Structures are given as C-alpha cells and as structure tokens.
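# Secondary and tertiary structure notes
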Amino acid sequence: MTAVVPGKPADTAGGLPVGGAMRVMGSETEYGIHAPSAPGANATMMSARVIQAYAQVTRQRAAGGAETRWDYTDEEPLHDARGWTLERSSADPEQLTDQPPVLDAEAIALAYGRQELEADGEDESGTLLMNMVLGNGARLYVDHAHPEYSSPEVTNPRAAVTWDAAGDLVALAAVRRLAADPELPPINLYKNNTDNKSVSYGSHENYLMPRSVPFGEIVRGLTPFFVTRQIICGAGRVGLGQDSARAGYQISQRADFFETEVGLETTIRRPIINTRDEPHATADKYRRLHVIIGDANLSQASNFLKFGTTAMVLSLIEAGLAPRIEVHEPVAALQAVSHDTSLTGLLRLGDGRRISALDLQWIYFEAASKHAQDTGVADAVDGDGHTHEVLERWSATLSELGGDRAAAASSVEWLAKLSLLEGYRQRDGLGWDNARLGLVDLQWADIRPEKGLYYRLLARDRMRRIVDDAAIARAVTEPPSDTRAYFRGRCVSRFGADLAGASWDSVIFDVPGRGRLQRVPTREPLRGTEALTGGLFARHREAGTFLAELLGLSPGS
Amino acid sequence: MAGQEQQQPQSRDTEVDEDVPAAPPAPADAQASAATQGVDDLLDEIDGVLESNAEEFVRAFVQKGGQ
C-alpha cells in the first residue's frame, strides 16, 4: 500500500522482445494422488499431507523456515474476460478459488500477526497447512482434491520447462518425506490428467497479454491452433471417452473432457478457451490468458513446444497476423484429432476445405516463422535467444511426425508412450483393454524416477533433454532472475520468518517492532527482478532494514 | 547409433591399430534387430518396476474432480 517494488515503468511487453516466443508465462500442475495401502483415504487430507511434508523439507533446508502463507486478496476467479462477473450464488462451489478451502489462516495472520499461527504449520484448530509460497517463487497448495504446484513467472519457454520440472522435484521430495514416515501411508503422485474413470484434473498454462487485444481475436486465433497443438505435446492416453468405455489409444489426456468452445468454468463444461480474467497484475494493462486445454508433460521437448509455440501464436494474434482459419465444430474436431493416432484424418474448415492436423500446424508454423523473421527475434545470433530454438524444434517435430515417427518418439510424449505400449502389445499380444496397458499409462506419470516409466526412458537416453538435470535441481530453490518471482522467492528464502503471507502480486511482512503488517504490492510482473532488487537483498540481512529501504521509511517508523 | 558404437576407437599413441579395419556399419536388418533387442531390454526392465496386480492397481486409482 505504501510502495511498489522499484523499477522502471513498463509497457505491456515490459521490455521483452516482441514477435517471438518470449513473454511472461507460467505453468500449473495438479498431481494425481494415490495411497495404494489406504484406498479410502480422503484426497484433500492426503493432499494437505503432501504440502505439510514439503513444509518439513523446506524447514530443514532453511533455518528461517522457507515457507510462507498464501494471500488470497487478489484472487478473482469469477471475473470473465468477456467483460462481466459471475454472481457468487450462480457459481459452482469449485469455482470459488478465492476462499481458502478451510480455516482462513491468512485472515488470521492479517488480523493478529503470525504468533497466532504455530510454527509447524498446524494451527490450534488442528487445520493442516494448505498453502505455501516457495523460495523459488512458486506456489504449492491444495486445489480441490489434488496437490498443485504453480510455477513462478518466467519469460521464455526454456525457463517454463525448467521451473515446471522443478515442481516435479518438489512433489518428489514430499513423496520421499511421506514414505519415510512410518506413521503415514506412502502417497504416490502422478503427473497426468485423468483417472480414466470420468475424472480429469488440470495442467494449466498462463500467458501475460496486453489487455488491448480484443478477446474475440484471441478466441479466433487460438482455437484452430489448440485443436491441433496436441499432436506435438499430447501426453497420450489409453482409453477412449471420459470413462474409457471404449478400448484404444489417443493423443491427448484431456481432449475427451472438453465440452464447449469458450467459457469461464475449469471443472465443469470445460471450454477450449477459458475466460477466467484474473490478471494478478495491473488489470487495465494486462490480461492473464489462462489455458486449460493442455496435458501435463513429462517430456521436456513436448513441454518446450507447448509453451514456445503457444507464446508465438499469441504474438501473431497481437500483431493481427494469425491465420484466418475456422475449424468446423472445434470440440468434435479436438476429439477427432486426439483419436487419430495415424494423423491421417482431415478436419473440415468453415469454408468447406479439408485439412490434416499436421498441415494446420504447418500453417501456424509458417505464419509464426515469418512474423518472427520480420521482427528480427528469430535470428540465431541477433535474435531474442529463444525464438530460433522454438522454430527449429517446431519444424523438426512436424517433419518427423509427417515421416520418421520413430525419431519423433524421443520428443513427442504421446508417441514415446505409444512406442512403449506397442512393445508390450507385440511381445505379450495384449489388446487395448488389457489392464497391463492401463498400468503402463498410469505408471508412465509416476514422479518417482525408479517407478515412473518416462523416467526409465529418460535414464536410457530415449527421451530428449531440453534442460540439464542440474538446472532443474537449482530451480527447486532458486527463483527466475528476470521476473517479480525473484523478489517473492528471495523474500521467502531470506525473510521467511518475517513474512505473514505472499501471493502473485504481493508480499506481506510482519516484522517484529513494527505495529502492523506491511504489504508490498508486486503488480508489475517484470519488476522485482534480480537486476532491480538484487542490490537490496545484498545490502540487508534483516527484514527490518530491508523493508525500511524498500518502503523509504526510517528504521522503526 | 548402433553402427557408431561398433567402430573401433582411434588410438593416437600406437601405430598397431592402423591395420585393424573399423567394423563395417551394421546392415539394416542387424540394426533392426539391435533396436528390437533394445526394446526387449527396456520391457524387461519395466516388467521389474511395474506395480504388481495391474488390474487391481488401475481400478484403485480413483481421483476426485479437479480443474
């Protein structure tokens, strides 16, 4: 309320090169959760145990307690990008994500200060910790009945892959911690999107866009792209239909769960284009495009293309250069593409033409490539350092999908999984309805390297790496340096004991000796960077003097 | 790259290896059988890590709704 994190005024691109794959983005992963030895266990309680376990891990790591509570004051899940707000009374209860699922720990902290909250993360009513902000700038919390990791804001697809994969290591650390506790049943986490029994849970992407782009243009430009994007980044699924009633294999985990073209909901009547308008930033300048149609990716190459190509298509839309294509009945087309693993089917366009999913992707590639060349960001030497690689991977992958599918299987996740399943089918003569193939599909996504089948392939160098293991391990504790996540993460690591809460656009200090809580807004995603605040952290070891300089106050005032 | 793996490493400090011809690239059917062998090895490894009782394990994996 008194100051913002220092930095120069930002335009909507925030100084990032425009026209290519760079923009502010982030990922959200809801993990499937399962305790084989306790089949009836409450999923929300198990998810809270995962958060609790990670809190114990971070407490060991940092004496100050590298955990901070979430501040809900800027959550606006009922704001619709089309320009209205859903009334609370007509919202599905699952849409009310601006309320803590149980006791309002944040409200208590704001009202009374942190002494009301016990240091072990459990308050006096016995409520488990449901929400953490991590030293890498991420959020780890219970979302509905799943543990969710929301990555810190990054500026490019390579960093998106890095901090998304770091989330899998966070989840792994919690699983290990729980496995070592003789009092609790071991809990498995799966980076997938369905239980194959009619339930799906999400993996979301977020992209910052200037609010000046009309939402209708976003819908028009993105829908054909999203109908076909799965051929490069689908995670593959055994079973057809929401409840897997029909045997078979399909490209996407999520496609069968989408029922409408545009909408606000994320848990029911899922739309191809989600309209949740919750910018977590200066609202008249930005929108946060909330993408719910993607599969959670373990394959780094698929994940890289998921973020990189989508960011480039958004650049096309912003420039008014998106291909003028309309897919006839997009929801049915989305599912038809997912069910066509031969990639030979043709989609009907609004003008009556028919085109393959692969050719539709090539049209987007050509347009994105041309725009990136024209703006100069695609140059291998003088470009933005990211777009060139996205274009190279994108065209190589589309070429492989059109010809050398065996080569594509080392990067395209649904093909990698399919080649493993085909190995079993051939060796053991299994039909698609055989439970063993269902188990391969499920265990593909087990996040433990010794059990997860993706990780077994990775260990044999059968999966392409985009980032090295050391960079992912660093990203578990280190925030990205070039967004406000740097400020948030560093505050949590350095001053965790003096924080009452944090959110995407604020950090709340509760410094001993100061009468009230100090809320530091961070509404500009490209401020609070290492370049802008690194010196501040270097100069201060104590929260009191840090805050005094930040807010321009005299110490103790 | 099965063909590359079969090539003899070039030795810099002796001349003796000069007369040893590099192994010829594996013929296509040998490469295919090497690939098959790789898949068989992989499946054998995965047999060892798959949860036992596939049917029961898959049936018990029941999730509550998410986003």
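As a convention, each chain's residues are numbered from 1 in the sequence order in which they are written. Each chain takes a letter, starting from A, and each ligand takes a number, starting from 1, following the order in which they are written. Under the rules for a predicted model, residues below a pLDDT of 70 receive no local features and side-chain atom pairs below 80 are neither given nor counted, while totals for whole chains, interfaces and linings still include all residues. Side-chain metrics in this entry use all non-hydrogen atoms of the structure; hydrogen atoms and water are not considered.

## What to know about the sheet that holds strand β14 (residues 286–291) of chain A
All names here are of chain A. Any two strands between which DSSP finds at least two bridges are classified as paired. Helix and strand assignments follow DSSP, with helices taken as H or I runs no shorter than four residues and strands as E runs no shorter than two, numbered in order from the N terminus. Spatially, β5-β6-β7-β1-β9-β14 is the arrangement adopted by the 6 strands of the open sheet, whose pairing is antiparallel. With partners counted over all chains shown, the strands left at the sheet margins are β5 (131–133) and β14, one partner each. Here the strands of the sheet are splayed against their neighbours by 20° on average, with no regard to which way each runs. Where strand β1 (residues 25–30) lies against strand β7 (residues 146–150), 3 bridges are found, and the strand directions are antiparallel. For Glu 28, the partnering residue across the bridge sits in β7 and is Ser 150. Contact between two residues is taken to exist if any of their heavy atoms lie within 4.5 Å; hydrogens are not considered. Convention adopted: a line fitted to C-alpha atoms gives each axis, helices being fitted over their contacting stretch, and angles between N-to-C directions are expressed from 0 to 180 degrees. Its contacts with the sheet place helix α3 (residues 157–179) against β1, β6 (139–143) and β7, and it is angled at close to 145° to β7. Each of β9 (203–210) and β14 touches helix α4 (residues 215–233); the most contacted strand, β14, lies at about 25° to it.

## A few points about the nonpolar core
Residues and elements named next belong to chain A. Nonpolar cores are built from buried Ala, Val, Leu, Ile, Met, Phe, Trp, Tyr and Cys residues. Side-chain atoms within 4.5 Å join them into one set. Throughout this description, buried means an accessible area under 20% of the type-specific maximum (1.4 Å probe, protein chains only), exposed means over 50%, and partly exposed covers the range between. Ranked by internal contacts, the top residues of the largest apolar core, which has 137 residues, are Leu 222, Ile 231, Trp 394 and Leu 401. By residue number, the principal contributor to this core is α3, which donates 12 residues. With near-sequence residues (within four places) excluded, Ile 231 lies in contact with Ile 251, Val 337, Leu 343, Ala 357, Leu 358, Gln 361, Leu 398, Leu 401, Val 412 and Trp 414. Grouped together as the second largest cluster of nonpolar side chains are 21 residues, Trp 70, Val 133, Val 520 and Leu 547 included.

## A word on the UniProt feature "modified residue: Deamidated glutamine" (unreviewed entry) in chain B
UniProt positions are given in the numbering used here, feature names are shortened, and annotations may be inferred rather than shown by experiment. In the UniProt entry, the feature "modified residue: Deamidated glutamine" (unreviewed entry) is given for B:Gln67. Here B:Gln67 shows up in the segment after α3 (54–60).

## Focus on the packing of aromatic side chains
All names here are of chain A. Any pair of Phe, Tyr and Trp rings, taking the six-membered ring for Trp, is counted once the centres come within 6.5 Å. Such a pair is stacked with planes under 30 degrees apart, edge-to-face with planes over 60 apart, and tilted for the rest. Tallied over the full model, the rule gives 18 aromatic pairs over all chains. Here Phe 225 and Phe 226 contribute two aromatic rings whose centre-to-centre distance is 6.0 Å and whose plane-to-plane angle is 40°, an arrangement assigned as tilted. Phe 226 matches Phe 225 in its accessibility class, with the two residues each being buried. Judged by centre distance (5.5 Å) and plane angle (90°), the rings of Phe 365 and Trp 394 are edge-to-face. Residue Phe 365 is found in helix α7 (residues 357–375), and its partner Trp 394 is found in helix α8 (residues 387–402); the two are separated by 29 residues along the sequence. Classification of Trp 394 by relative accessible area gives buried; the value is 0%. What links up through ring pairs into an aromatic cluster is the set Phe 225, Phe 226, Trp 362, Tyr 364, Phe 365 and Trp 394. Whether a charge lies above a ring is judged from NZ of Lys or CZ of Arg, which has to be within 6 Å of the ring centre and within 35 degrees of the ring normal. Lying across the ring of Tyr 141, Arg 139 places its NZ or CZ 3.6 Å from the centre.

## Structural notes on α7(A)
Residue and element names in this part refer to chain A. Under the 1.5 Å per step criterion, the end-to-end length of α7 is 27 Å for 19 residues, consistent within 8% with the ideal 27 Å. When α7 is considered as a whole, its buried residues turn out to be Ala 357, Leu 358, Leu 360, Gln 361, Tyr 364, Phe 365, Ala 367, Ala 368, Ser 369, His 371 and Ala 372. Residues of α7 that are buried in the fold lie against α4, α5 (300–318), α6 (330–339), β15 (346–348), β16 (354–356) and α8. Gly 376 occupies a position one or two residues after α7 and carries a positive phi of about 85°. Each residue after the first adds 1.5 Å to the expected span of a helix.

## Description of the interface of chain B and chain A
Listed as interface residues are 25 residues of chain B and, on the opposing side, 48 residues of chain A. As used here, buried area is the combined drop in accessible area, with a 1.4 Å probe, of two parts when they are placed together. Interface area for chain B against chain A, summed over the two sides, is near 3100 Å², with a carbon-plus-sulfur share of 58%. If you sort the residues of chain B by the area they bury against chain A, B:Phe61, B:Gln63 and B:Gln67 come out on top, with a joint share of 29%. What counts as a salt bridge is simple: a side-chain nitrogen of Lys or Arg found within 4 Å of a carboxyl oxygen of Asp or Glu. Linking chain B to chain A there are 7 salt bridges. With a shortest N-O distance of 2.7 Å, A:Arg460 and B:Glu45 are connected by a salt bridge. Think of a polar contact as two N or O atoms within 3.5 Å of one another; within protein, one of them needs to be a possible hydrogen donor and the other a possible acceptor, and neighboring residues in sequence only count if both atoms come from side chains. At the surface where chain B touches chain A, the tally comes to 15 residue pairs in polar contact (both at pLDDT 80 or more). Mapped onto the side of chain B that touches chain A, the elements with two or more residues apiece are α2 (28–49) and α3 of chain B. No other element matches α2(B), which puts 10 residues into the side of chain B that touches chain A. Broken down by class, the residue content of the side of chain B that touches chain A amounts to 12 nonpolar, 5 polar and 8 charged. By the convention adopted, Pro, Cys, Tyr, Trp, Phe, Met, Ile, Leu, Val and Ala count as nonpolar, Lys, Arg, Asp and Glu as charged, and the other residues, Gly among them, as polar.

## A few points about the pattern of salt bridges
Counted by the stated rule, this structure contains 36 salt bridges over all chains. Among the ionic pairs, A:Arg229 bridges to A:Glu205, the shortest N-O distance being 2.7 Å. Taken as a pair, A:Arg229 in helix α4 and A:Glu205 in strand β9 lie far apart in primary sequence, 24 residues in all. This pair shows no difference in class: A:Arg229 is buried, exactly as A:Glu205 is. Notably, a salt bridge pairs A:Arg427 with A:Asp428, separated by 2.9 Å at the nearest N-O pair. Ionic contacts of the salt-bridge type, sharing partners, join the residues A:Arg427, A:Asp428, A:Arg436, B:Asp44 and B:Asp47 into one network.

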